[in-house]
Amino acid sequence: MTDTLLAGPALRRLRKREGLTQANMASLLGISPSYLNLIERNQRPLSARVLVQVIERFDFDPRSLREDDAIGGLDGMARRMADKRFADLGIDREELQEFLAAAPQVAAAFARLYDSGGGGERVVAEDAATAVRRAIERWQNHFSDLDHAAEDLADELRLSRGEISAALSERLREKHQLQVRILPAEVMPGQVHRLDLHARQLQLSEMLPGAARRFQIARQVGQLEMREGIETIVAGANLASPEARDALREHIADYLAGALLLPYRRFLRACEATGYDLAVLQRRFAVSFDQVAERLTTLGRVGERGLPFFMAVIDRTGRMTRFTAGGSGALYPLEGARWPAWVPYAAFERPGTVLTQAATFGEGEGAGSGRHWFTITRTVDGDGVMCAGRRAVVLGIEARFAGDLAHARGISLDRLDAVPLGSPCGRCGKAECLNPAPARLASTLPRPRV
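Residues numbered from 1 in each chain as written. Predicted model: local features only at pLDDT ≥ 70, side-chain atom pairs only at ≥ 80, totals over all residues. Heavy atoms only, no water.

Describe unusual backbone geometry, naming the residues involved and giving the relevant values.
Despite not being glycine, Q177 has its phi angle at roughly 50 degrees, a positive value. As for its position among the elements, Q177 is in the loop between α10 (164–176) and β1 (179–183). Residue classification places Q177 among the partly exposed residues on the basis of a relative accessible area of 48%. One non-glycine residue, N238, lies in positive phi territory at about 55 degrees. Within the element layout of this structure, N238 appears in the loop between α12 (227–236) and α13 (242–261). (Helix = DSSP H or I, 4+ residues; strand = E, 2+ residues; numbered from the N terminus. Buried < 20%, exposed > 50% of the residue type's maximum accessible area, 1.4 Å probe, protein only.)

Listed below in structure tokens is the structure:
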């Protein structure tokens, strides 16, 4: 980092995020308020000494100062401005450089809007999501070194402290000087968790249910204690965009939370002893249905593999918002695929009830074309954050592995009895029939569990 780094907008956003006045921040950094004001207005460079203070006092990532990397820097912006629609404006490189220095976030917003609608370019976010999904599939959603480290930490805390939630909170307090604080919903509008390094607090919304609170605490512990391992995986993925790298970090943080709350060997033994009974596993480990489902996609340890599940999340509109193949070999469904006879579409009519179905996915319609699957579905509700409504969580496994599952008892796993999804309906001949034969669904919807 050079002594001529102009980083006013980044420093100003950091100050506002921490809720500090210029006088307060200047005092913490050991500089005058007037000098900080000049830095924020890009009239003075951010010196190496001040940058070190920012990093130490606010746990600041200096890589975020290179905000224009996400849009290709000055050259990337110049390529966009070469569009004939802007030819009459006479914008030169010097003006673009001033734009990037003074308002990098506005420049990024412009670039994102341009990329999503101009010249046939693909949306950056979609590319990032695809790249991350492929990276996770290369690992089959099992990160061995991190999983072992999380299991060792969970065992250590369990042996010395007992209850894992209290132990994780105490770990944050003792090792990282962070207190867990539950705040009223009106203090955290639209948020369920927030890390306030100035106050040294992990702040959680009162709207979070118990399992979700424990998950967020475990997530924070994992991020802090396994940061180097996370960055090693992200670097090894060779992802092109910052959006993709950030999304992979978020996925791994979620992974570590699951690995801490559901330590590998104990969880796998419980799965095998109960026939992967999801309700029992929820109670035994004090987690939610979707947390168990996600963890079931990660059981790929060499010599200690669990059953190979995939997981999908479907919203009320029928849109698949999340898909994790795990070790199942399932393929990501094609955009727009709709299988109205698939049991997740009936789940919203029976909220909270576990529904099962044996099905084959038709050729070309999506995951595992032509293969025979057994699927388990239940709706889950949002965790208190705005717009996080009810959704259907789906677990799928090839029917040949499903014979010993608790949820498969009484269900025919004969391929001839499977509901053919994505194939023409016997009544109307349509693959996406909106009126599936009642007889086909009736045989696959189990009686509610008691």
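Right, picking up where we left off after that structure.
Summarise the pattern of salt bridges; cite the residues concerned and give the values.
Taken as a whole and assessed by the stated rule, the structure comprises 23 salt bridges. As a salt-bridge pair, K175 and E225 come within 3.7 Å of each other at their nearest N and O atoms. Taken together, the residues K175 in helix α10 and E225 in helix α11 (residues 210–225) connect sequence positions 50 residues apart. For K175, a relative accessible area of 47% gives the class partly exposed. With relative accessibility at 23%, the residue E225 sits in the partly exposed group. One salt bridge connects R400 with E398, and the closest N-O pair in it is separated by 3.4 Å. One continuous salt-bridge network, built from bridges that share partners, spans D147, E151, R265, R295, R301 and E304. (Salt bridge = Lys/Arg side-chain N within 4 Å of Asp/Glu carboxyl O.)

Describe the side chain of R133, listing the residues and the values that go with them.
Following the sequence through the fold, R133 ends up in helix α8 (residues 124–138). Here R133 sits buried without a salt bridge, and the closest side chain of opposite charge, E137, lies 4.2 Å off (N-O distance). The residues contacting R133, other than those within four sequence positions of it, are F323 and Y332. (Lys, Arg positive; Asp, Glu negative; His and termini not counted. Contact = heavy atoms within 4.5 Å.)

Explain the sheet that holds strand β3 (residues 201–205) to me, using residue names and the numbers behind them.
Strand order in the open sheet formed by 3 strands is β1-β3-β2, with mixed pairing between adjacent strands. Two strands in the sheet have a free side with no partner beyond their single neighbour: β1 and β2 (193–196). The mean inter-strand angle of the sheet, taken between neighbouring strand axes irrespective of direction, is 25 degrees. Bridge analysis of β2 against β3 gives 4 bridges, and the strand direction is antiparallel. Of the residues in β3, the one forming a bridge with R194 is Q203. In the packing of α11 onto the sheet, the strands contacted are β1, β2 and β3, and the crossing angle to β3 comes to about 155 degrees. (Pairing = 2+ DSSP bridges. Axes fitted to C-alpha atoms, helices over the stretch in contact; angles between N-to-C directions.)

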